[in-house]
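Letter by letter, the chains look like this.
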Amino acid sequence: MLFNSWSFLFFFPVVVGLYWALPHRLRWAWLLAASCVFYMAFVPKYVLILFAVIGIDYVAGLLIARSDGAARRRWLLLSIVANLAVLGFFKYFNFFADNARALAQLIGWNLPLPVLQILLPIGLSFHVFQSLSYTIEVYRGNQAPERHLGIYALYVMFWPQLVAGPIERPQNLLHQFHAEHRFEFARLADGLRLMGWGFFKKVVVADQIAALIGPIYASPLEHGGLTLLLVAALFTVQVYGDFSGYSDIARGAAKVMGYDLMVNFDRPLFAKNIAEFWRRWHISLSSWLNDYVFMPLAYGWKGAGRAGAAAAALVTFFLSGLWHGANWTFVVYGVMHGVVVACEIVTRRARKRVAARVPQPLWAFVAWASTLGFVTFSFIFFRVPTLAQATYFATHLHTGLWTQLTTVQGFVAAIDPLHGSPRRLAFVLLVIGLLLTGEALEARAGVIARLAAWPLPARWAAYLAGLALIALGGSYQNRAFIYFQF
């Protein structure tokens, strides 16, 4: 079920209303049933895959907790292998089979691997990583095994974050399903405000941008450098608005029912290096990879010093790229970020010395602009479907650029493909400005908290204006969230 759909407009108040009407002992069952309905709105039969993953890791957690020594490691390994096997089959089988056939053909072999007609279950990578975090934390002794099968199933299937995260840890979420929540109007208001901000990001910013740039991505070979540059920059804002919008809606919906999900984005477009970008972007994934991949590798290679940490970063970001999708474009995307983070690790001391000699405002601006420029460039490989098209896109950003920037005719021709009318492009630029200004002010002044303290008439006037902007300025074409494909 899409958050930006009419069915969700019915689903949400019914689920929340009955949740608060039911006694505490029945709420977990109601939430689990609602989560099944929410997920089955996509492809009903794939809920069985989730049940299988839940069953495996529920049993594995109990066995890990009651075992010692090598037996604990075996049960953990069973959980890891089982989860990765499910993910590998549905998400990566055809990718690896295609590449294996191509490699075999290159050396003159015939490798008759089949092409399976399988559909990737929505959000499978999120489910697998969240489920794996449970068995890993039980193994590490940081989480007691959950003995209530229904509540453990709810931990994996909680509907607000079911299909695109945040990827929660058991220490944060499991105990909240046991706690009895009492209705608080302040939490209801906070949750609805957060959901409203998320809907603004999704339907007003991200989906309006998608309508502008979608046709250009469908035929990038037909356009010059300035058009491609503008499209790349707009996609960076689109993917941020789309994914962070989902996370805000998920967090807000959970908060309305008394649950706190982790913050998944922290104004990443204001980051001043790539390592900081990943501390602010998709925080639940980057922290998962940091805790379970980067840190163990960096510790194991600590004898190599900064080179070992740099190598660990490369491996981690390679896996991050592969997590995003079974396509070489995602691998390139991940490796690009890994190379830059590795360079940042190796050059950290040198960069500090240079920063000390440069005026701080200038250094901060250059650091921010270069970071955002690299992120925008890397998103070309995230968005364009084939490596050949992405390479063309990336290597033709300069084509005709001088003419397009220095002549009126060239400039008009470059921006003409981006709009059906000048008003639409102007509106998109306006709402992007509102988004970035709002986030900058929130960081400095706590706009949302201050809004809650406004006099009642002013507060409701602001709410109604926001609702009108979402209702009248949004694009309502049931566009799926970008991260649903992962």
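The paragraphs below set out a description of the structure included in this document. These numbers were taken from a predicted model, which means no experiment stands behind them.

**Some remarks on the packing of aromatic side chains**
Under the criterion given, the structure shown has 52 aromatic pairs. Seen in terms of ring centroids, tyrosine 19 and tryptophan 20 are 5.1 Å apart; in terms of plane orientation they differ by 75°. Their pairing is edge-to-face. This pair shows no difference in class: tyrosine 19 is buried, exactly as tryptophan 20 is. Ring centres of tyrosine 333 and phenylalanine 382 lie 5.3 Å apart, and the angle between their planes is 65°; this geometry places the pair in the edge-to-face category. Of this pair, tyrosine 333 sits in helix α13 (residues 328–346) while phenylalanine 382 is found in helix α15 (residues 360–383), placing the two residues 49 residues apart along the sequence. Taking the relative accessible area as the measure of exposure, phenylalanine 382 reaches 5% and is therefore buried. Residue placement shows arginine 383 over the ring face of tyrosine 217; its charged tip is 4.3 Å from the ring centre.

**Looking at the packing of helix α9 (residues 225–256) against α15**
Two packed helices can be described by the angle between their axes and the distance between those axes. Their axes nearest at 9 Å, the elements α9 and α15 cross at an angle of 85°. Viewed along their axes, α9 and α15 adopt a mutual orientation that is roughly perpendicular. Together, Ala232, Ala233, Phe235, Thr236 and Val239 of α9 and Leu372, Val375, Thr376, Phe379, Ile380, Phe382 and Arg383 of α15 make up the contact between the two elements. Of the residues contributing to the contact of α9 with α15, the split by class is nine nonpolar, two polar and one charged.

**Concerning the side chain of serine 67**
For serine 67, the position within the fold is in the loop between α3 (47–66) and α4 (69–106). A relative accessible area of 11% means that serine 67 is categorised as buried. Here the side chain of serine 67 touches leucine 63 through a polar contact of 2.5 Å, landing on its backbone oxygen.

**Focus on the packing of α3 against helix α5 (residues 124–140)**
Between α3 and α5, whose axes approach to 9 Å, the crossing angle comes to 10°. By the angle class used here, α3 and α5 are roughly parallel. Contact residues: α3 offers Ile49, Leu50, Val53, Asp57, Ala60, Gly61, Ile64 and Ala65, while α5 offers Leu124, His127, Ser131, Leu132, Tyr134, Thr135, Val138 and Tyr139. Considering only residue class, the contact of α3 with α5 consists of eleven nonpolar, four polar and one charged.

**Section: the nonpolar core**
Core analysis: the largest hydrophobic core is formed by 134 residues, its most contacted members being Phe3, Phe8, Trp159 and Tyr483. No other element matches the 15 residues that α9 contributes to this core. Those residues in contact with tryptophan 159 that sit more than four places away from it in its chain are Phe3, Phe8, Phe11, Phe12, Val15, Leu31, Ala34, Ser35, Phe38, Tyr246, Ala253 and Met257.

**A few points about a positive patch on the surface**
Taken together, the side chains of Arg279, Arg306, Arg348, Arg349, Lys352, Arg353 and Arg357 make up a positively charged region of the molecular surface. With five residues, the single largest contributor to the positive patch is helix α14 (residues 348–357).

**Observations regarding the pattern of salt bridges**
Pairing between side chains of opposite charge can happen when the charged atoms of each approach one another. Tallied over the entire structure, the rule returns twelve salt bridges. Across the salt bridge formed by arginine 193 and aspartate 190, the nearest N and O atoms sit 2.4 Å from each other. Remark: aspartate 190 and arginine 193 occur in helix α8 (residues 185–218); sequence separation between them is three residues, near one turn of the helix. Two residues, aspartate 248 and lysine 201, come together in a salt bridge whose shortest N-O distance is 2.8 Å. Of the two residues, aspartate 248 is situated in helix α9 and lysine 201 in helix α8; the sequence distance between them amounts to 47 residues. According to the relative accessible area criterion, lysine 201 is buried, its value standing at 3%. Through salt bridges with shared partners, one network takes in Lys201, Asp248, Arg251 and Glu439.

**So, the environment of alanine 356**
Structurally, alanine 356 can be placed in helix α14. As a C-alpha pair, alanine 356 and methionine 295 span 61 residues in sequence and 29 Å in three-dimensional space.

**Details of a nonpolar patch on the surface**
Together, Trp301, Leu314, Val315, Phe318, Leu319, Val335 and Val339 line one region of the surface with nonpolar side chains, adding up to about 500 Å² of accessible area. Secondary structure elements with two or more residues in the nonpolar patch: α12 (306–324) and α13. Here the element with the most residues in the nonpolar patch is α12; it accounts for four residues. One can find valine 335 in helix α13. Residue valine 335 is classed as partly exposed on the basis of its relative accessible area, which comes to 31%.

**Quick look at helix α11 (residues 283–300)**
Between its first and last C-alpha, α11 extends 24 Å over 18 residues, near the 26 Å set by a 1.5 Å rise per residue. For α11, the principal kink sits at asparagine 290 and spans about 45°. Listed as buried for α11 are Ile283, Ser284, Leu285, Ser286, Trp288, Leu289, Tyr292, Val293, Phe294 and Ala298. Looking at the buried side of α11, the elements it contacts are α5, α10 (274–280) and α12.

Rules of the game
Residues numbered from 1 in each chain as written. Predicted model: local features only at pLDDT ≥ 70, side-chain atom pairs only at ≥ 80, totals over all residues. Heavy atoms only, no water. Phe/Tyr/Trp six-rings, centres within 6.5 Å; stacked < 30°, edge-to-face > 60°. Buried < 20%, exposed > 50% of the residue type's maximum accessible area, 1.4 Å probe, protein only. Helix = DSSP H or I, 4+ residues; strand = E, 2+ residues; numbered from the N terminus. Lys NZ or Arg CZ within 6 Å of the ring centre and 35° of its normal. Axes fitted to C-alpha atoms, helices over the stretch in contact; angles between N-to-C directions. Parallel < 35°, antiparallel > 145°, perpendicular 65-115°, else oblique. Contact = heavy atoms within 4.5 Å. Nonpolar A, V, L, I, M, F, W, Y, C, P; charged D, E, K, R; others polar. Polar contact = N/O pair within 3.5 Å; in protein donor to acceptor, adjacent residues only side chain to side chain. Core = buried A, V, L, I, M, F, W, Y, C linked by side-chain atoms within 4.5 Å. Patch = residues over 30% accessible without salt bridge, like charges linked within 9 Å, V, L, I, M, F, W, Y side chains within 5 Å. Areas by Shrake-Rupley, 256 points an atom, 1.4 Å probe, with all protein chains shown as cover. Salt bridge = Lys/Arg side-chain N within 4 Å of Asp/Glu carboxyl O. Lys, Arg positive; Asp, Glu negative; His and termini not counted. Charge placed at Lys NZ, Arg CZ, Asp CG, Glu CD. Expected span 1.5 Å × (residues − 1). Bend = angle between axes of the 7 residues up to and from the residue.

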